[in-house]
Amino acid sequence: MEILQRIEYQPARVSGGYTDRILRIDLGARKITIQELPPDFKTKYTGGRGYALRLIWDGTTAETRYDSPENILVMASGPLGNDPGFPGTGKFIVGTISPLTDTFVDSNVGGHFGPILKLAGFDALAVSGISRQEVVVLIDGDASTISIAAAPAYGQEADEGALSYGENLLKVLNGGEFGDCLAAVTAGKGALHARFGIINSLYFDRKRNRIRSKQAGRGGTGTVMRRKGLRAVVVRSGLSKGHGNNPVDREGVRQAGSQLKEVIAKCDPKQFHLAAWGTTGLSEYMDKFHLFPVNNFQYGHSRESPKLFAGVFLDRYFSKNMPDGCYYGCNLACAKGAEGIELTRGPKAEKVVSVDGPEYETVGAVSCMGIFDAHFVMEYSWYCDEYGLDTISTGVTTGFLMECYQRGFLTAADVGYPLEFGNIDAANRLLHEIATDTGFGKVAGQGVARCKNWVARNYARRNGMSAAEALAELSKFGMEVKGLEFSMYITKESLAQQGGYGFALKGPQHDEAWLIFIDQVHKELPTFEHKANALKWFPLIRTWFNAAGLCKLPWIDVRNPEAANTPEPAKNIPTLDLFIRYLNATTGSHKKLQDILDDSERLYILQKLINLRQGKGARANDQIPLRAMGPAFLNEYAARADYYDEWLQKELGNGELPASREERHRLLLEKRREAYQQLCDVVYEKKGFTSAGIPKRETVEKFGLLDEQADKLLKQFGL
Ligand code: SF4
């Protein structure tokens, strides 16, 4: 490997969960710098998302775009990442300015990269600049060196996929065999071309004896990585991962961790079955409650959905009785995988591969295209990972374009072939075109928001109408907010999840407020007030998980039996108490629940300020497509007419319904629009925002965020 730049360093020891160091790499200047953090940095910004937010706030401007040299790609675990004594501690976040939203986005991902980065001496890695040639970064805690090297070419193809490339790299760097002292992040060629490129987090799984992958899927982080000329980052540390955080109170960590592991072992087999089914178990729940996205979110249920239920993946694909934790110590072990899958389509047809997943979101992305074929799900999952494409954005964009075709906005001549719902060959062809930037993939790879504009202009030109008129119609079913595609839940019947998606600072991703289950399945948010309160509380607690370096699933997907005895079981406070004990035992703090909510609120407001600066932070940016609020078109209304009529009748105080279906449909949508606007008013008030969705000056001041930049920004909004 040709070394272009190398420094020697002394890896800092992790103590109480922190190293108090950030590694900064400027690829343009080939400069490697170690930044010592002042003591109050961790107090104010916790770690993970918090660190990424602060670095982006300070290091970028309103003019920064995803491909600007000053854009920063941050990878950071958090103080609680990396302790196998507690479940779910392999997580780290990747944060940057997104190619889809033009504002901050982060994605939470598992694997060993975050923990090993810490063991190699860094709380975060921040990469800026653009390299003229493709490079890899090697952070070697064992050799005490950090290097920028020319990206090696492996195999016969000039540009292998993210999985193959990373596997080769890890094997070569480990002397020809795999080992768990090394981990890597990579992005494939699809990430170079499409705006929704992902970063794969690769790690060695001893039980499967192969390299596995998890994905930082949302918002185009992989696109940023490839545009920087960065093919991969590899971290190495042979230090023991057991008690890798050097906690202040080791016994306290052990006790809290074993109690949570006990809850998981007892409850998961009776609740979500995540250890057995992975997240694919959600398909059946979602379909049963009309929340499963079918044909671009037109319908929430299909007779064909059972072909995509967990049992199918379990019987045909998943390895049986394999505990699949994405990091040591996680007995929820939802990271299912499959071996010996033969590809039947695409450029690698006949190749036999291992597949990591599929996750529920990938299954939903396929039903979103009207496809109910489990083998296609496996192939789609593998190709997206190999190419470096987000399965969600790829599926939602394809589903949107299929609906454009269904409604006559697109023709076969525009696309090059008929793009109907349920057409596997068409979906498959478009996937490969997106990855290779060929054919209609050049349009589709831009994501829903930009596709809407392209289709509107094209359709308007052909039909002698204004593009604005066409765009208004397309915006009813173009499933994006702030430029990010919806993740895979139908929100039409859940006002709480409508807010969960609309207010989500990075765009409609369930990671900020996954309220659909407690609202629609458990029915634990019965009133408007419950929903509005949940939209303040849940995003804050979820923000904390993203800052601390933790997986949320052991908290939100396993209900502690003791929660039933608390006033709000949905918050699962008894399990949260275990997390807080883990925090205090690791760092030596004495925090209570309200303290961590306050810590999170500071980060939440900082993210809101970045959104404002980048032009995505006001009420107008929180508006959701009509389809997210209700049946956008009559065919959707007709598919559940009895349900909608009953709903409307209740809304009208059991008054008489209009005679015509068209009028009932119109009235229903009017009520839904009103409810969403009312929700905006109430939730903004609770969050300390003006009715325009802007944080009030006192809110910013309360969290110590009123620096010169924030002051200037607020003045622009008359505050
Ligand atoms: S619950 Fe699943 S995603 Fe979360 S840490 Fe465990 S294996 Fe990884």
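Residues numbered from 1 in each chain as written. Predicted model: local features only at pLDDT ≥ 70, side-chain atom pairs only at ≥ 80, totals over all residues. Heavy atoms only, no water.

K.L.:
Break down the pairing of strand S5 (residues 92-97) for me, with residues and values.
P.N.:
Counting buried positions over the 6 residues of S5 gives 6, a clear majority of the element. The alternating pattern of S5 places Phe-92, Val-94 and Thr-96 and Ile-93, Gly-95 and Ile-97 on opposite faces, both of which are buried. In this sheet, S5 lies alongside strand S4 (residues 73-76) in antiparallel orientation, the contact comprising 3 bridges. Its bridge partner being in S5, Met-75 is matched across the sheet by Val-94. Taken together, the 6 bridges between S5 and strand S6 (residues 104-109) define a ladder with antiparallel strand orientation. Considered in S6, the bridge of Gly-95 is made with Asp-106. The antiparallel hairpin formed by S5 and S6 contains 6 residues in its connecting segment, where Asp-102 sits at a positive phi of about 65°. (Buried < 20%, exposed > 50% of the residue type's maximum accessible area, 1.4 Å probe, protein only. Helix = DSSP H or I, 4+ residues; strand = E, 2+ residues; numbered from the N terminus. Pairing = 2+ DSSP bridges.)

K.L.:
Explain the packing of helix H13 (residues 391-406) against helix H15 (residues 424-436) residue by residue, including any values.
P.N.:
Axis separation between H13 and H15 bottoms out at 11 Å; the angle between their running directions is 125°. Comparing the axis directions of H13 and H15 gives the class oblique. Classified by chirality, the crossing of H15 by H13 is right-handed. Facing Thr-394, Thr-398, Leu-401 and Met-402 of H13, the residues of H15 in contact are Ala-427, Leu-430, Leu-431 and Ile-434. For the contact of H13 with H15, the per-class residue count stands at 6 nonpolar, 2 polar and no charged. (Axes fitted to C-alpha atoms, helices over the stretch in contact; angles between N-to-C directions. Parallel < 35°, antiparallel > 145°, perpendicular 65-115°, else oblique. Left-handed = near helix turned anticlockwise from the far one by under 90°. Contact = heavy atoms within 4.5 Å. Nonpolar A, V, L, I, M, F, W, Y, C, P; charged D, E, K, R; others polar.)

K.L.:
Describe in detail the site of the ligand, supporting the description with residues and values.
P.N.:
In the vicinity of the ligand, the contacting residues are Gly-88, Lys-91, Asp-324, Gly-325, Cys-326, Cys-330, Leu-332, Ala-333, Cys-334, Ala-335, Cys-551 and Leu-553. Tallied by class, residues from the shell around the ligand come to 8 nonpolar, 2 polar and 2 charged. (Near = heavy atom within 4 Å.)

K.L.:
Please set out the nonpolar core residue by residue, giving values where relevant.
P.N.:
Grouped together as the largest cluster of nonpolar side chains are 195 residues, with contacts concentrated most on Met-286 and Leu-401. Here the element with the most residues in this core is helix H21 (residues 528-548); it accounts for 11 residues. In contact with Met-286, not counting residues within four places along its chain, are Leu-291, Phe-292, Gly-300, Tyr-360, Tyr-489, Trp-514, Ile-516 and Phe-517. Ile-25, Ala-120, Val-127 and Met-225 belong to the second-largest nonpolar core, a separate cluster that totals 34 residues. (Core = buried A, V, L, I, M, F, W, Y, C linked by side-chain atoms within 4.5 Å.)

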